Amino acid sequence: MPLEFLGNPPLASDRQVRPFSPAVRAGDFVYVSGQVPANEAGEIVGGGIEAQTRQVFVNLKKVLALAGCTLDDVCKATVWLDDARDFGAFNRVYLEQFPGNKPARSTTEARLMVDAKVEIDVVAYKPA
């Protein structure tokens with residue numbers, strides 16, 4: 001089965017197209033590129049880690065929908081936090097998004113490529 005590239009490469013606030021696909025379906029798996037807390041205009045939202053994490057989940061849900069997926073289909077999440085001290089507040093919002101079964105997850109502290117507090121990518125499983 002060939003790879004299916006989903007969505008259009010995103011625009012950032014500088015109006016430059018970013019060189020990646022929002023998601024790629026490979027058989028029954030959907031790989032979602034890292035989502036940052038950018039709004040529709042490509043600008044990073046303010047408001048701290050909780051507001052930014054909520055925006056990331058808005059963005060993840062939009063990209064997952066391109067493949068007919070929801071957060072219920074997510075089997076793996078990778079999280080990058082700009083500051084490990086935000087871990088507790090981040091986890092509170094994360095738990096709101098996954099109240100039932102929780103995907104496998106890796107979380108690390110890293111300096112992000114944009115001025116944001118959090119980035120998340122996910123892998124979903126949804127038979128084609």
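Everything here concerns the structure above.
These numbers were taken from a predicted model, which means no experiment stands behind them. (Residues numbered from 1 in each chain as written. Predicted model: local features only at pLDDT ≥ 70, side-chain atom pairs only at ≥ 80, totals over all residues. Heavy atoms only, no water.)

S.K.: Looking at this structure, how should I read the overall build of the chain?
M.R.: When helices and strands are tallied, the chain shows 2 helices and 6 strands. Here the C-alpha atoms of the chain give a radius of gyration of 14 Å, agreeing with the 14 Å that 2.2 N^0.38 yields for 128 residues. Once local pairs closer than 6 in sequence are excluded, the contacts in the chain between residues at least 24 apart make up 67%. Surface exposure of the chain reaches about 7,200 Å², of which carbon and sulfur atoms provide 53%. Here the chain contributes 14 positively and 16 negatively charged side chains, and the mean placements of these two sets differ by 2 Å. (Helix = DSSP H or I, 4+ residues; strand = E, 2+ residues; numbered from the N terminus. Rg over C-alpha atoms; globule rule 2.2 N^0.38 Å. Contact = heavy atoms within 4.5 Å. Areas by Shrake-Rupley, 256 points an atom, 1.4 Å probe, with all protein chains shown as cover. Lys, Arg positive; Asp, Glu negative; His and termini not counted. Charge placed at Lys NZ, Arg CZ, Asp CG, Glu CD.)

S.K.: Got a minute to help me understand the pairing of strand β4 (residues 74–81) in this structure?
M.R.: For a regular strand, the rule is simple: side chains alternate between the two faces of the sheet. Of the pairings in the sheet, the one linking β4 to strand β6 (residues 118–125) comprises 7 bridges and is antiparallel in character. Each bridged residue has a counterpart across the sheet, and for K76 the counterpart in β6 is V123. The parallel pair β4 and strand β5 (residues 104–109), bridged by helix α2 (residues 87–97), forms a crossover whose chirality is right-handed. (Pairing = 2+ DSSP bridges. Right-handed = clockwise from strand over helix to strand, strands pointing away.)

S.K.: When you look at the side chain of D86 in this model, what are you seeing that I'm missing?
M.R.: Its location among the elements puts D86 in the loop between β4 and α2. Of the side chains with opposite charge, K117 lies nearest to the buried D86, which makes no salt bridge, at 4.4 Å. When neighbours within four sequence positions are excluded, D86 is seen to be in contact with I49 and K117. (Buried < 20%, exposed > 50% of the residue type's maximum accessible area, 1.4 Å probe, protein only. Salt bridge = Lys/Arg side-chain N within 4 Å of Asp/Glu carboxyl O.)

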